[in-house]
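Each chain, written out:
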Amino acid sequence: MHTGSVWPLPWQRTPGGGDGAEAAAAALLPAGCGAGARGALLWGGGWFCQRGAGVRAGRGRFPAGCSLRGTRGGDAAGVGGAAAPAPHSLGRTQNGAKVPPSYPFPREAEGRQNSASGCLRAGGGAVAPLTGGIILEYVEGGELKTRSIDLLDLSPHTDVIALVEEIQKEEPLITASCKEHVIRLVQRLQEKLGEKEDHKFYLFKVLRAHILPLTNVAFNKSGSCFITGSYDRTCKVWDTASGEELHTLEGHKNVVYAIAFNNPYGDKIATGSFDKTCKLWSTETGKCYHTFRGHTAEIVCLSFNLQSTLVATGSMDTTAKLWDIEKGEVAFTLRGHSAEIVALSFNTTGDRIITGSFDCTVGVWDVVTGRMLHVLIGHRGEISSAQFNWDCSLIVTGSMDKTCMLWNATTGAHIATLTGHSDEIMDVCFDYAGQRIATASADGSGRVYNAETKKCIAKLEGHGGEISKICFNPKGNRILTASSDKTARLWDAATGHCLQILEGHTDEIFSCAFNYKGNIIITGSKDNTCRVWH
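Residues numbered from 1 in each chain as written. Predicted model: local features only at pLDDT ≥ 70, side-chain atom pairs only at ≥ 80, totals over all residues. Heavy atoms only, no water.

A look at the overall build of the protein
Along its length, the protein carries 2 helices and 39 strands. Relative to its 534 residues, the protein shows a buried fraction of 63%. In the structure as shown, the protein presents an accessible area of about 18700 Å², 47% of it carried by carbon and sulfur atoms. (Helix = DSSP H or I, 4+ residues; strand = E, 2+ residues; numbered from the N terminus. Buried < 20%, exposed > 50% of the residue type's maximum accessible area, 1.4 Å probe, protein only. Areas by Shrake-Rupley, 256 points an atom, 1.4 Å probe, with all protein chains shown as cover.)

Remarks on unusual backbone geometry
For the bond running from Asn263 to Pro264, omega is 10°, close enough to zero to count as cis. One non-glycine residue, Lys276, lies in positive phi territory at about 80°. By secondary structure assignment, the location of Lys276 is in the loop between strand E14 (268–273) and strand E15 (278–282).

A few points about the pattern of salt bridges
Inspection of every chain in the model, using the stated rule, returns 8 salt bridges. The residue Lys179 makes a salt bridge to Glu165 at a minimum N-O spacing of 3.1 Å. Taken as a pair, Lys179 in helix H2 (residues 179–194) and Glu165 in helix H1 (residues 160–170) lie far apart in primary sequence, 14 residues in all. For Glu165, a relative accessible area of 35% corresponds to the partly exposed category. What you see here is one network of salt bridges that share partners, running through Asp351, Arg352 and Asp366. (Salt bridge = Lys/Arg side-chain N within 4 Å of Asp/Glu carboxyl O.)

Details of the environment of Gln168
Inspection of the secondary structure assignment puts Gln168 in helix H1. Of the residues examined, Gln168 reaches a relative accessible area of 22% and is grouped as partly exposed. With 14 residues separating them along the chain, Gln168 and Val182 place their C-alpha atoms 9.9 Å apart. Setting aside its immediate chain neighbours within four residues, Gln168 contacts Ile174, Thr175, Ala176 and Lys179. (Contact = heavy atoms within 4.5 Å.)

Observations regarding the pairing of strand E37 (residues 509–514)
With 6 of its 6 residues buried, E37 lies for the most part within the structure. Note: E37 against strand E38 (residues 521–525), 5 bridges, orientation antiparallel. Of the residues in E38, the one forming a bridge with Ala513 is Ile522. Remark: 6 residues form the turn of the hairpin made by E37 and E38, two consecutive strands paired antiparallel; Gly518 in that turn has positive phi of roughly 80°. (Pairing = 2+ DSSP bridges.)

Points about the nonpolar core
One finds Val300, Ala312, Leu322, Leu334, Phe346, Ile353 and Val367 to be the most contacted residues of the largest nonpolar core, which totals 22 residues. Counting only elements with at least two residues in this core, the list comes to strand E17 (299–304), strand E18 (310–315), strand E19 (320–324) and strand E21 (341–346). It is E21 that provides the largest number of residues to this core, a total of 4 residues. With near-sequence residues (within four places) excluded, Ile353 lies in contact with Ala312, Leu322, Leu334, Ser345, Phe346, Gly363, Val364, Trp365, Val367 and Phe388. (Core = buried A, V, L, I, M, F, W, Y, C linked by side-chain atoms within 4.5 Å.)

A short note on the sheet that holds strand E33 (residues 467–472)
Strand order in the open sheet formed by 4 strands is E33-E34-E35-E36, with antiparallel pairing between adjacent strands. In the strand order of this sheet, the two ends are held by E33 and strand E36 (498–502), each with one partner. Between one strand axis and the next, the sheet turns through 20° on average, direction left out of account. With 4 bridges connecting them, strand E35 (residues 488–492) and E36 associate as antiparallel partners. What sits directly across from Leu490, in E36, is Gln500. (Axes fitted to C-alpha atoms, helices over the stretch in contact; angles between N-to-C directions.)

A word on the packing of aromatic side chains
Applying the stated rule across the entire model yields 5 aromatic pairs. Measuring from centroid to centroid gives 6.4 Å for Phe226 and Trp238, while their planes differ by 15°, and the two rings are stacked. Of this pair, Phe226 sits in strand E10 (residues 225–230) while Trp238 sits in strand E11 (residues 235–239), placing them 12 residues apart in sequence. Trp238 carries the same exposure label as Phe226, and that label is buried. (Phe/Tyr/Trp six-rings, centres within 6.5 Å; stacked < 30°, edge-to-face > 60°.)

Points about the environment of Arg380
With respect to the secondary-structure elements, Arg380 resides in the loop between strand E24 (372–376) and strand E25 (383–388). Separated by 20 residues in sequence, Arg380 and Cys360 have C-alpha atoms that sit 6.1 Å apart. With near-sequence residues (within four places) excluded, Arg380 lies in contact with Cys360 and Asp401.

Structure representation (structure tokens):
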């Protein structure tokens, strides 16, 4: 097992004493129907599966006899230079449905279409530049619901008119009266895909409020604020635009290691600590809603489901727990691993969760029953990272055995082993379209693989130390890496060319993240600082 010099790894001795142990939908739904998790965030792509209601183009039918109301996906994301709408206060209603914070009310800049089946209202404004999709919102029985149509194969060369006509055959909501508007929206998405990026990042601010090394950093949905976890036993909430500290979340008695917003809502924060507890906080006030107790060892990973009804925690006690956010109590304890759980991730529909363990296996669990469905067996070393792709069909796992494996998420069958690294895999991730896989290794390099062909298409070489974190930007054409060589690097995802080196930290960088638009980066380091790059 890799022990290295990276301080915040949970299996090393920690300053706190004892043995030490992280979308989103483009359009949000009413309370109880949306949130984000690391590994399953569909940042601005226009995809959202509401309790299985999401469909791929050409599949499924819209419920008959419903009152219809549709908006294109992507309005909330503001990726690639498009501005996100301003937040709205909690409690506002729309069509009788309670709206969560930052709910993107559809704009009517481009008009309203009326039909016999109801009202289809298409919003204007920003278009997410991902190969994403369209969110269709409708009202059935007085309840606001959604359907999603993916556009994963959209490219600058796609015949948009033919594509929309094909979708229209299977989706009654896209009527003849609104067909032209849908075509325009897809064309705007297509234009975004064709745009070239030459953005250079510059240091905006150095945040020095923590008195011990940082463990993790994370943005909220819009990127308007972010959080930092630290060995100093606190989590801090920051305003991205000003660099001002908004709140210090105090109460843990040991290292705050795992942190997350309930994206895409962003109104709650979860913190997991070496003190064996998880706390749920208000983003707006910094108030602690719940302290979840039950683990018997350090919590080292956590994640919200996309519906923001559950938060999952993984622990060095070999179990994971699913906590009911509203009730403030445990819903299920997932038992079955024989060693520490160090990675977990919900799928986008929220009905499955995976857990990665030091027992060299990954468990696939039914969220509704808490039952283990599959055990992914094949790695010969401890699991370091595990993630679903966006449509819930694939799982990628990284291991200390120097390999990355691809699995069928439905059957648990092994699909492929991705090789090439000469040392442990520290992190793996899909891009937001699920078309590429990136790996980060202790050998100081990263690799990019085509998820369909399983071939390595690019090598990220240049770091002088191990890479502990890797992530794609929302558009999927850039990759960010954090390394023990005190730098973060920006790479071209297609060629592997290093575009920029972010220098200035005086010690190892443990964590990094892009905002929604992909034009702001945060990096967290062992030097006790977080740096914001514009």
